[in-house]
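Read off the chains here:
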Amino acid sequence: QVQLVESGGGLVQPGGSLRLSCAASGSISSFYAIGWYRQAPGKQRELVARKRSGSSTTYADSVKGRFTISRDNAKDTIYLQMNSLKPEDTAVYYCNVQPGYGSEDYWGQGTQVTVSS
């Protein structure tokens with residue numbers, strides 16, 4: 001069982017930046033996959049960024065060049081750096097991890113990001 005706690009969301013003006021954090025309850029150093037998803041009101045949850053072991057990172061086309069996923073194994077924390085934010089980035093952002101290939105995955109509770117002037 002992995003518990004994930006996101007933080008770092010908030011209200012930001014268009015063009016601004018935020019860094020989301022996702023603290024895991026245990027070691028993430030060997031996890032097969034880490035990722036961030038988001039869900040806007042009235043829409044389905046969608047992939048933002050996902051990185052699998054031994055593979056390149058996948059980004060949604062809408063965030064390429066603006067968002068970056070990273071991990072700090074020493075702190076068991078996953079990050080999402082979001083730059084040049086747009087109103088359409090407004091959503092609840094969820095952290096997701098998959099410890100092993102084909103294993104159960106785990107979700108955080110979500111953190112709200114609102115981009116508005």
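Structure's up top.
Residues numbered from 1 in each chain as written. Predicted model: local features only at pLDDT ≥ 70, side-chain atom pairs only at ≥ 80, totals over all residues. Heavy atoms only, no water.

**Q** Tell me about the overall build of the chain, and please be specific about residues and values.
**A** Counting secondary structure elements, the chain contains zero helices and eleven strands. Starting at the N terminus, the α and β elements of the chain follow one another as β-β-β-β-β-β-β-β-β-β-β. Taking 2.2 N^0.38 as the reference for a compact globule, 117 residues should give roughly 13 Å; the C-alpha atoms of the chain span a radius of gyration of 14 Å, in line with that estimate. Expressed along its principal axes, the backbone C-alpha trace of the chain runs to roughly 40 × 30 × 25 Å. Per-residue burial for the chain yields a buried fraction of 42% across its 117 residues. Considering only contacts within the chain whose residues lie at least 6 apart along the sequence, 55% involve residues at least 24 apart. Per element, the accessible surface of the chain, about 6,200 Å² overall, is 45% carbon and sulfur. (Helix = DSSP H or I, 4+ residues; strand = E, 2+ residues; numbered from the N terminus. Rg over C-alpha atoms; globule rule 2.2 N^0.38 Å. Buried < 20%, exposed > 50% of the residue type's maximum accessible area, 1.4 Å probe, protein only. Contact = heavy atoms within 4.5 Å. Areas by Shrake-Rupley, 256 points an atom, 1.4 Å probe, with all protein chains shown as cover.)

**Q** Explain the side chain of Glu6 to me, using residue names and the numbers behind them.
**A** Structurally, Glu6 can be placed in strand S1 (residues 4–7). As a buried residue without a salt bridge, Glu6 has its nearest oppositely charged side chain in Arg45, at a separation of 7.6 Å. A polar atom in the side chain of Glu6 sits 2.9 Å from the backbone nitrogen of Gln109. At a separation of 2.8 Å, a polar atom in the side chain of Glu6 contacts the main-chain amide nitrogen of Gly110. Residues in contact with Glu6, not counting those within four places in the same chain, are Ser21, Cys22, Trp36, Tyr93, Tyr94, Cys95, Gly108, Gln109, Gly110 and Thr111. (Lys, Arg positive; Asp, Glu negative; His and termini not counted. Salt bridge = Lys/Arg side-chain N within 4 Å of Asp/Glu carboxyl O. Polar contact = N/O pair within 3.5 Å; in protein donor to acceptor, adjacent residues only side chain to side chain.)

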